[in-house]
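Residue-level listing of the chains:
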Amino acid sequence: MITYIDAKNSKRKVAGIIPLHDEAGFAGMRKAGQLCARALDLLYEEVRPGITTLELDRIAFEFAHDHGAVPATMFYRGYRHSICTSVNHVVCHGIPSEKPLREGDIVNIDITLVVDGWHGDSSRMYPVGEISRKAERLIEMTYEGLEVGIKAAKPGNTTGDIGAAIQTYVEKQRASVVRDFVGHGLGQRFHDEPNIMHFGTPGTGVELQEGMIFTIEPMVNLGREHVKILSDGWTAVTRDRTLSAQCEHSLGITKTGCEIFTGSPLGLFNPIAVR
């Protein structure tokens, strides 16, 4: 399983330290999360047959620059782009390129923007023109999996409760949850504790407490859960070449549940639901 705790944070990981944020932290995350969501709303109008993912990357970069934000992925561990664009059987971390999107493709766009030191992190699935029913259903179940995970994100529950809820739902749909990548804590660090697995056993893992901030970002494959990393060192694809989908919110645990920081101002978080 690949986790995202930076090497410089290894002491925190060993110590099991999970940051608990106050209202000032939540305010910072709201601002960053909403700008991130606005960037993804903007891209809704741009995703179409013929456009390249490199052009989408340019649009996202210019939006960030115009709003005083910094894409967190720029030069992160050598990565050179503002967004990740994962098309069809690419699970995550797809690199923008000059290859045009084609009618029937599905693409995940993942963006993290740093605003006043806080990280807003979210991703969505976009249909490219008319897509197949199986692709549409995959996207639907991925969003539904995220929703059941979010419902489990409340004080007193555990990280295992989140993962078990997502896994149970997805596997009932005869699809599979990717094990190799997980959600993560964030805030003033891009990747922090706790790790949020999208599979697991109820009652296990870390107990959720008010003030925790993290992402939930299930990756769902139509086929088996196994993935492989391509030679570029970033792009993860399904081993059996079946379609994959992902969606992601950043959220914080409150006294009674959770607050989503990356909700779409225009109601476009799930683009296929508003077509």
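Everything below is about the structure shown above.
Residues numbered from 1 in each chain as written. Predicted model: local features only at pLDDT ≥ 70, side-chain atom pairs only at ≥ 80, totals over all residues. Heavy atoms only, no water.

1. Digging into the sheet that holds strand E3 (residues 90-92)
Spatial ordering of the open sheet is given by E3-E12-E11, a layout of three strands whose pairing is antiparallel. Two strands bound the open sheet, and with one partner strand each, they are E3 and strand E11 (227-229). Pairwise comparison of adjacent strand axes, ignoring direction, gives a mean angle of 40 degrees for this sheet. (Pairing = 2+ DSSP bridges. Helix = DSSP H or I, 4+ residues; strand = E, 2+ residues; numbered from the N terminus. Axes fitted to C-alpha atoms, helices over the stretch in contact; angles between N-to-C directions.)

2. Quick look at the packing of aromatic side chains
Two aromatic rings are characterised by how far apart their centres lie and by the angle between their planes. Tallying each qualifying case throughout the model produces four aromatic pairs. A ring pair is formed by Tyr79 and Trp234, whose centres lie 5.1 Å apart and whose planes are at 70 degrees; its orientation type is edge-to-face. Of this pair, Tyr79 sits in the loop between strand E1 (70-71) and strand E2 (83-87) while Trp234 is found in the loop between E11 and strand E12 (236-238), placing the two residues 155 residues apart along the sequence. Ring geometry for Tyr143 against Phe269: centres 5.1 Å apart, planes inclined by 75 degrees, an arrangement best described as edge-to-face. Residue Tyr143 is found in helix H4 (residues 133-151), and its partner Phe269 is found in the segment after strand E15 (258-260); the two are separated by 126 residues along the sequence. On the basis of relative accessible area, Tyr143 is assigned to the buried category, the value being 4%. Given a relative accessible area of 13%, Phe269 falls into the buried group. (Phe/Tyr/Trp six-rings, centres within 6.5 Å; stacked < 30°, edge-to-face > 60°. Buried < 20%, exposed > 50% of the residue type's maximum accessible area, 1.4 Å probe, protein only.)

3. Digging into helix H5 (residues 159-172)
Helical periodicity: at 3.6 residues per turn, an α-helix aligns residues three or four positions apart in one direction. Between the first and last C-alpha of H5 there are 20 Å, a value that for 14 residues agrees with the 20 Å anticipated at 1.5 Å per step. With 10 of 14 residues buried, H5 lies mostly within the body of the structure. All buried positions along H5 are accounted for by Thr159, Gly160, Asp161, Ile162, Gly163, Ala164, Ile166, Gln167, Tyr169 and Val170. Those residues of H5 that are buried are in contact with H4, strand E6 (176-177), strand E8 (192-196), strand E9 (213-216) and strand E10 (219-221). Where H5 terminates, the next one or two residues include Arg174, which has phi positive at roughly 65 degrees. (Expected span 1.5 Å × (residues − 1). Contact = heavy atoms within 4.5 Å.)

4. Structural notes on the nonpolar core
With 32 residues, the main nonpolar core has Ile106, Ile162, Phe214 and Ile216 as its most contacted residues. Elements with a minimum of two residues in this core: H4, H5, E9 and strand E14 (249-253). The element that contributes the greatest number of residues to this core is H4, accounting for seven residues. Excluding anything up to four places from it in sequence, Ile216 contacts Leu146, Gly149, Ile150, Ala153, Ile162, Ile166, Ile196, His198, Cys247, Glu248, His249 and Leu251. If you look at the next biggest cluster of nonpolar residues, it comprises 29 residues, including Leu35, Leu43, Leu56 and Ile111. (Core = buried A, V, L, I, M, F, W, Y, C linked by side-chain atoms within 4.5 Å.)

5. So, helix H3 (residues 53-66)
An ideal rise of 1.5 Å per residue puts 20 Å on 14 residues; H3 measures up with 20 Å between its terminal C-alpha atoms. For H3, every residue scored as buried is listed here: Thr53, Leu56, Asp57, Ile59, Ala60, Phe63 and Ala64. All buried residues of H3 lie within an arc of 160 degrees about the axis, which places them on one face of the element. Every exposed residue of H3 that faces more than 90 degrees away from the buried side is listed here: His65 and Asp66. Close packing links the buried residues of H3 with helix H2 (23-44), E1, E2 and strand E4 (106-115). Looking one or two residues past H3, Gly68 carries a phi angle of roughly 70 degrees, positive in sign. (Arc of directions from axis to C-beta.)

6. Some thoughts on the pairing of E4
A regular strand carries its side chains on alternate faces of the sheet. Counting buried residues in E4 gives 10 out of 10 residues, a clear majority hidden from the surface. For E1 and E4, the ladder comprises two bridges, and the chain directions are antiparallel. Across the sheet, the residue bridging to Val70 is Val114, located in E4. When E2 meets E4, the two strands line up antiparallel, connected through five bridges. In the sheet register, Val87 faces E4, and the bridge partner there is Val107. Relative to strand E5 (residues 118-127), E4 is paired through 10 bridges, and the arrangement is antiparallel. Residue Val115 lies in a different strand from E5, and its bridge partner there is Trp118. Hairpin connection of E4 to E5: two residues between the antiparallel strands, including Asp116 at a positive phi of 55 degrees.

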